[in-house]
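Topology and contacts: notes
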Amino acid sequence: MLKEKIKNIESLEELQELYTSVFGKNGTMTVRLKDMKNLGNDERAELNRENTELRELFKSRQVEIENAVLNAELSKQKLDVSLDAEPKNRGTLHPLTQSLKEVVAIFESMGYTMMTGPEIEDDWHNFTALNTPEYHPARDMQDTFFLENGNVMRTQTSAIQIRAMEKFGAPIKMFAVGKTYRKEMDATHAPSFGQIEGLYIDTVEKNINLSAFIGTLRAFASKYFEREVEFRIRPSYFPFTDPSVEIDMKWGNKWLELLCGGMVHPNVLRNCGIDPNKYQGFAFGFGWDRLAMVKYGLNDLRAFYDGDVRWLKNSGF
Ligand code: DAH
């Protein structure tokens, strides 16, 4: 009837209690086993068998109870694996940010170091040091926002090349990405827009010339647009480069204005304490949002800044 009792027990605690009363220090079986030496052979064998049987019975009842507990637990917390998951709205990076990351990665892979500068600039860095002194007609090329103290909202990231050369001298190989500001607003111009600037100056022996400039930018454009690009070079004018060029890129069957640059003007080097007889190199600048517009086939720049989530979601980025 001990066996019956074991079979009828429903909880692990009770089972443990019963087990102790049988196999514990003074348990019934323990006492009997201690007394074994006084038994005859047959009785000993019988006791051993009984001992083993009881232990197995306890063990199997324990497993049964544990399984029952587990099953009860599982049936309470049923999982329906066929239910649809809750939709999760994951955000993505803004297209301009994505495009910027690509640009940065390409220039860094070409050995250019990224630098930054302030968006509120003084006259020296934004104009004068860039060979555009006061009353120079080229100041009219850029419709400037002036601050009351005579500073300006940076009209061009070219200001950063001045800061870079002042700080690090030459040789230098840097690029910068930043916001610039001008009083203009239409489908292809916004009052605040992104520019990318590059500068590569080294000793005259290295002969960093206009064809190195064109080759560099062609390599950049092929990587960024993921295809061989065709360039058209036009002469241009900037006070801070001489000669100056504008580069158009063939896109489909149209020529698109892509970037500007040229050989850094000796006056600019001199303004930054660099001897133009010992150093030469090129600089370039282009619109970062324009670049993304071309790549993604957009024709209105303002969409980038409207913050319309539906447009952002459907624009294929
Ligand atoms: N700063 C010029 C602009 O905003 C672009 C530019 C032209 C940058 C020639 C350069 C350069 O560095 O060499 O229109």
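For the structure itself, look to the data block above.
Given the structure is predicted, the values throughout are model-derived calculations rather than measurements.

1. A word on the state of the cysteines
By the definition in use, this model includes zero disulfides. Cysteine Cys260 shares no disulfide, and the gap to the nearest cysteine sulfur, in Cys272, comes to 20 Å.

2. Observations concerning the packing of aromatic side chains
When we look at a pair of aromatic rings, we describe it by the centre distance and by the angle of the planes. The full count for this structure, using the stated rule, is 19 aromatic pairs. Summarising the aromatic geometry, the rings of Tyr112 and Phe284 are spaced 6.5 Å apart at their centres and angled 70° between planes, so their arrangement reads as edge-to-face. With a gap of 172 residues between them, Tyr112 in the loop between helix 5 (95-109) and strand 1 (113-115) and Phe284 in strand 9 (residues 279-287) connect regions that are remote in the sequence. Taking the relative accessible area as the measure of exposure, Tyr112 reaches 4% and is therefore buried. Seen from their ring centres, Phe220 and Tyr224 are 6.0 Å apart, and the 10° between their planes marks the pair as stacked. Residue Phe220 and its partner Tyr224 are located together in helix 8 (residues 210-225), separated by four residues, close to a single helical turn. With respect to class, Phe220 is no different from Tyr224; both count as buried. Members of the aromatic cluster, joined through ring pairs, are Phe107, Tyr112, Phe175, Tyr200, Phe213, Phe220, Tyr224, Phe225, Trp251, Phe282, Phe284 and Phe286. Between Arg55 and the ring centre of Phe23, over which it is positioned, the NZ or CZ distance is 4.1 Å.

3. Overview of the pairing of strand 6 (residues 231-238)
Two elements, strand 6 and strand 7 (residues 241-251), share seven bridges in a ladder whose sense is antiparallel. Within strand 7, the residue paired with Pro235 across the bridge is Val245. In this antiparallel pair of consecutive strands, strand 6 and strand 7, the connection spans two residues.

So, how was this worked out
- Counting of residues starts from 1 at the beginning of each chain's written sequence and follows it residue by residue.
- With pLDDT at 70 or above as the cut-off, local features in this predicted model cover only qualifying residues; side-chain atom pairs require 80 or more to be listed or tallied, and sums for whole chains, interfaces and linings still use all residues.
- With hydrogens and water set aside, each side-chain value is computed from the structure's full complement of heavy atoms.
- Whenever a pair of cysteine sulfur atoms sits within 2.5 Å, that pair is classed as a disulfide.
- Aromatic contacts are taken between Phe, Tyr and Trp rings whose centres are within 6.5 Å, Trp giving its six-membered ring; a plane angle under 30 degrees counts as stacked, one over 60 as edge-to-face, and the others as tilted.
- Secondary structure counts use DSSP, requiring at least four H or I residues in a row for a helix and at least two E residues in a row for a strand, with both numbered from the N terminus.
- Only protein chains enter the accessibility calculation, which uses a 1.4 Å probe. A residue is then buried if its area is under 20% of the maximum for its type, exposed if over 50%, and partly exposed in between.
- Two conditions define a charge located above a ring, namely a distance within 6 Å from the ring centre to NZ of Lys or CZ of Arg, and an angle within 35 degrees of the ring normal.
- Only when DSSP finds a minimum of two bridges between them are two strands counted as paired.

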